[in-house]
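A structural walkthrough
The primary structure of each chain is shown beneath.
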Amino acid sequence: MKFGPVPIDEAEGAVLAHATAAGERRFRKAHRLSGDDVAVLKAAGVREVVAAVLSDDDLGEDAAAEKIAASMKHRNIEVKPAATGRVNLHAETAGVFTVDARMIDAINAIDPAITIATLAQHAPVEKGQMVATVKIIPFAVAADLINAVLKICAGGDIFAVNAYRPVSVGVIQTVLPGVKPGVLDKTLRVTEARLARFGGRLTAERRTPHEIAPVAEAATALARDNDMVVIFGASAMSDFADVVPAAIERAGGTVIRAGMPVDPGNLLVLGTLGGKRVIGAPGCARSPKENGFDWVLDRLVAGLDVTARDIAGMGVGGLLMEIPTRPQPREPLPVRAEPKVDIVLLAAGRSSRMGGPNKLLALFEGKPLVRRTAERALASKAAGTIVVTGHQRERVRSALSGLDVRLADNPDFADGLASSLKAGIARVAPDAAGAMIMLGDMPGVSSKDLDSLIDAFRRSGGRAVVRAAHLGKRGNPVLLPRSLFSAVAHLEGDTGARHLVEAEGLDVIDVEIGQGASIDVDTREALEGAGGVLQD
């Protein structure tokens, strides 16, 4: 493949590197020029274009990504169609992701043109979640490089989603003087909620004195009738011969590992009894917050073995979030200011489905829709509002006259939604923890709705993706944490925030705001039904 300026007379079959205008026609980036396209460009006075010229042994970006993805061996994973040189792979079921890191590393070492990114080893995933992506960086790649990838992929399974099994679990809770029944009851509720993620169930509970013999007896009985036994000790393990590990051995079982390099979760005990797994849960497992207990439980329920060596290898990444309710936290939590949020209001589109008029200039209660939407953004808890303009930018900006908004121009608005996202994110304040992507054509979203999303984002510590929802279905706006900003720069075409949410695997919080989350006004009928009046 050759890349660079190409004389227009030699450009047939070349792939455009940039969007190119020819009078009223506009050719998108990555468009492959036909003979008719070349004639249009020449007639408009274009003498050369910056483009990629493919050789006979080159594969286009989509074909190359598809060929790699098709050669991969995997389980419980769906391969999506290629677009802009990318193929995404999604979990067909909930489970635990496993990957052959050596194969991934070997493929990524072949050539920078070929990249594969995956979730972390043993990451828990939900059905439909993206687990891996194949991306071809240039517009084409040599066939011999693809063949080198195919040879590696032939070596075996490259990754898998190990499906959760609906296990039955028996629970033992030991009791000492002063232990409140309410604590034990809450532990059961938290454990049932954990198991519900897998379709598992808590079948029986026994409360015993915090002594070796009664715990051993209860463990033997529960192991006969359940897939797994979990023991919550009234007192934390303080020695490897303490009650829980000693009870497992007294019952005839084996202690695989006592103690783990994950905090919270250090005091976990893992053993076997009668062919069933027994977990001595650390005290932090009484909380729903992620801890070392979850790491072991997830793998076991997914049918994966957990050995002493596996647990010993959990230290890197094993320092998890502090649980503030601990009696003696390791260190005081710092006092932080509430995360700031900017709103990026997208108002650059062409309203193509309206057949002419710009829907953002339609009047709602006597005001242009774009002004009404911007006023609601300004009245929210957001620190600032950025309006991205493009189509009829002067008319849109005139409609915003006098409002305290920052304007971002998008000259490439015809290329699709991604270009507007990039223009807006580039203007977000450096100290903002997140950006709420707000569409200009959603008249049902109020300032109160925006505040609900911002409040949820702040409760997450500024780390989660927050989406508006209606009756359980995702909608708009969407609030993105700063950790996703760099990924916006890689979007192309009409790809929007939804792709990022799927690709990055961050926590997602859906906030019910009512019909406003799902009502936009793309057509005349929808706009007039929402109370709008189109202007010529």
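The structure contained in this document is the topic of the report that follows. All of these numbers come straight from a predicted model, not from anything done at the bench.

**A closer look at the environment of Ala91**
By the element assignment, Ala91 lies in strand S9 (residues 86–91). In contact with Ala91, not counting residues within four places along its chain, are Asn76, Val125, Glu126, Lys127, Gly128, Gln129, Val131 and Val161.

**A look at the side chain of Thr191**
The residue Thr191 is located in helix H5 (residues 181–196) in this model. Once you skip the residues sitting within four places of it in the chain, Thr191 turns out to touch Val171, Leu202 and Phe232.

**So, the sheet that holds strand S20 (residues 269–273)**
If you walk across this open sheet you meet the six strands as S17-S16-S18-S21-S20-S19, and the pairing is mixed. The open sheet is flanked by strand S17 (201–209) and strand S19 (254–258), the only strands paired with a single partner. Averaged over neighbouring strand pairs, the angle between their axes works out to 20° when direction is ignored. The sheet contact formed by strand S18 (residues 228–232) and strand S21 (residues 276–281) spans five bridges and is parallel. Residue Ile231 lies in a different strand from S21, and its bridge partner there is Gly280. Sheet contacts for helix H6 (residues 212–225): strand S16 (168–175), S17, S18, S20 and S21; angle to S17, the most-contacted strand, approximately 165°. Sitting on the sheet, helix H8 (residues 292–301) touches S18, S20 and S21, and the angle it makes with S21 is about 165°.

**Notes on the pairing of strand S22 (residues 341–347)**
Across the seven residues of S22, seven count as buried, placing the element largely inside the fold. Side chains of S22 alternate between two faces, with Val341, Ile343, Leu345 and Ala347 and Asp342, Val344 and Leu346 buried alike. Of the strand pairs in this sheet, S22 and strand S27 (residues 434–439) are connected by six bridges, and their pairing is parallel. Pairing of Asp342 across the sheet is with Ala435, part of S27. One ladder, built from six bridges, connects S22 with strand S25 (residues 384–389); its direction is parallel. Bridge pairing in S25 links Val344 to Ile386.

**Some words on the environment of Ala69**
Counting through the fold element by element, Ala69 comes out in helix H2 (residues 61–71). As for Ala69 and Thr133, which are separated by 64 residues in sequence, their C-alpha atoms are 8.9 Å apart. Dropping the residues within four chain positions of it, Ala69 is found in contact with His74, Val79 and Val87.

**Digging into helix H3 (residues 101–108)**
When we look at burial in H3, the residues that qualify are Met103, Ile104 and Ile107. An end-on view of H3 places all buried positions within 100° of arc, on one side of the element. Those residues of H3 that are exposed and aimed more than 90 degrees away from the buried face are Arg102 and Asp105. For H3, the secondary structure elements touched by its buried residues are strand S10 (95–99), strand S11 (114–118), helix H4 (143–153) and strand S15 (157–163).

**Observations regarding the packing of H3 against H4**
How two helices pack is summed up by the angle between their axes together with the distance between the axes. In contact at an axis separation of 10 Å, H3 and H4 are set at 170° when each is read in the N-to-C sense. As summarised for this structure, H3 and H4 are arranged roughly antiparallel, according to the angle between their axes. Counted together, Met103, Ala106 and Ile107 of H3 and Val149, Ile152 and Cys153 of H4 form the full contact between these two elements. For the contact of H3 with H4, the per-class residue count stands at six nonpolar, no polar and no charged.

**As for the sheet that holds S27**
Picture the strands of a sheet paired through backbone hydrogen bonds; they go either parallel or antiparallel. Taken in spatial order, the seven strands of this open sheet run S26-S25-S22-S27-S29-S28-S30, and their pairing is mixed. The open sheet has two free edges, formed respectively by strand S26 (406–409) and strand S30 (508–512), since each of these has just one partner strand. The average angle at which neighbouring strand axes cross in this sheet is 30°, direction not considered. Sheet topology note: the strand S28 (residues 465–470)/strand S29 (residues 473–481) ladder contains four bridges and is antiparallel. What sits directly across from Ala469, in S29, is Arg474. Contacting S22, S25, S26 and S27, helix H12 (residues 417–425) runs over the sheet at an angle of about 145° to S22. On top of the sheet, helix H13 (residues 447–459) reaches S22, S27, S28, S29 and S30; it is set at about 55° to S29, its chief contact.

**As for the pattern of salt bridges**
Taken as a whole and assessed by the stated rule, the structure comprises 22 salt bridges. Notably, a salt bridge pairs Asp409 with Arg393, separated by 2.6 Å at the nearest N-O pair. Of this pair, Asp409 sits in strand S26 while Arg393 sits in helix H11 (residues 393–399); the two residues are 16 residues apart in sequence, bridging distant segments of the chain. Using a relative accessible area of 36% as the deciding quantity, one classes Asp409 as partly exposed. The exposure class of Arg393 is partly exposed, given its relative accessible area of 25%. Note that Arg467 and Asp510 form a salt bridge whose closest N and O atoms lie 2.8 Å from each other. Of this pair, Arg467 sits in strand S28 while Asp510 sits in strand S30, placing them 43 residues apart in sequence. Classification of Arg467 by relative accessible area gives buried; the value is 15%. Its relative accessible area of 40% is what places Asp510 among the partly exposed residues. When salt bridges that share partners are traced, they join Arg26, Asp412 and Asp415 into one network.

**Section: the packing of aromatic side chains**
Using the criterion set out here, one finds two aromatic pairs in the structure. For the pair Phe97 and Phe159, a centre-to-centre distance of 5.9 Å together with 40° between the ring planes defines the contact as tilted. One end of the pair, Phe97, is in strand S10; the other, Phe159, is in strand S15, and 62 residues separate them in sequence. The class of Phe97 is buried, set by a relative accessible area of 0%.

**Some remarks on unusual backbone geometry**
Between Asp263 and Pro264 the backbone carries a cis peptide bond, its omega angle lying at 5°. With respect to the element layout, Pro264 can be found in the loop between S19 and S20. The step from Asn476 to Pro477 runs through a cis peptide bond, and the omega angle for that step is 5°. Within the element layout of this structure, Pro477 appears in strand S29. Phi at Asn76 is positive, roughly 60°, even though this residue is not glycine. Summarising the element assignment, Asn76 is placed in the loop between strand S7 (73–75) and strand S8 (77–79).

Rules used in this analysis
- Residues numbered from 1 in each chain as written.
- Predicted model: local features only at pLDDT ≥ 70, side-chain atom pairs only at ≥ 80, totals over all residues.
- Heavy atoms only, no water.
- Helix = DSSP H or I, 4+ residues; strand = E, 2+ residues; numbered from the N terminus.
- Contact = heavy atoms within 4.5 Å.
- Pairing = 2+ DSSP bridges.
- Axes fitted to C-alpha atoms, helices over the stretch in contact; angles between N-to-C directions.
- Buried < 20%, exposed > 50% of the residue type's maximum accessible area, 1.4 Å probe, protein only.
- Arc of directions from axis to C-beta.
- Parallel < 35°, antiparallel > 145°, perpendicular 65-115°, else oblique.
- Nonpolar A, V, L, I, M, F, W, Y, C, P; charged D, E, K, R; others polar.
- Salt bridge = Lys/Arg side-chain N within 4 Å of Asp/Glu carboxyl O.
- Phe/Tyr/Trp six-rings, centres within 6.5 Å; stacked < 30°, edge-to-face > 60°.

None of the figures reported here should be taken as evidence of function without further support.
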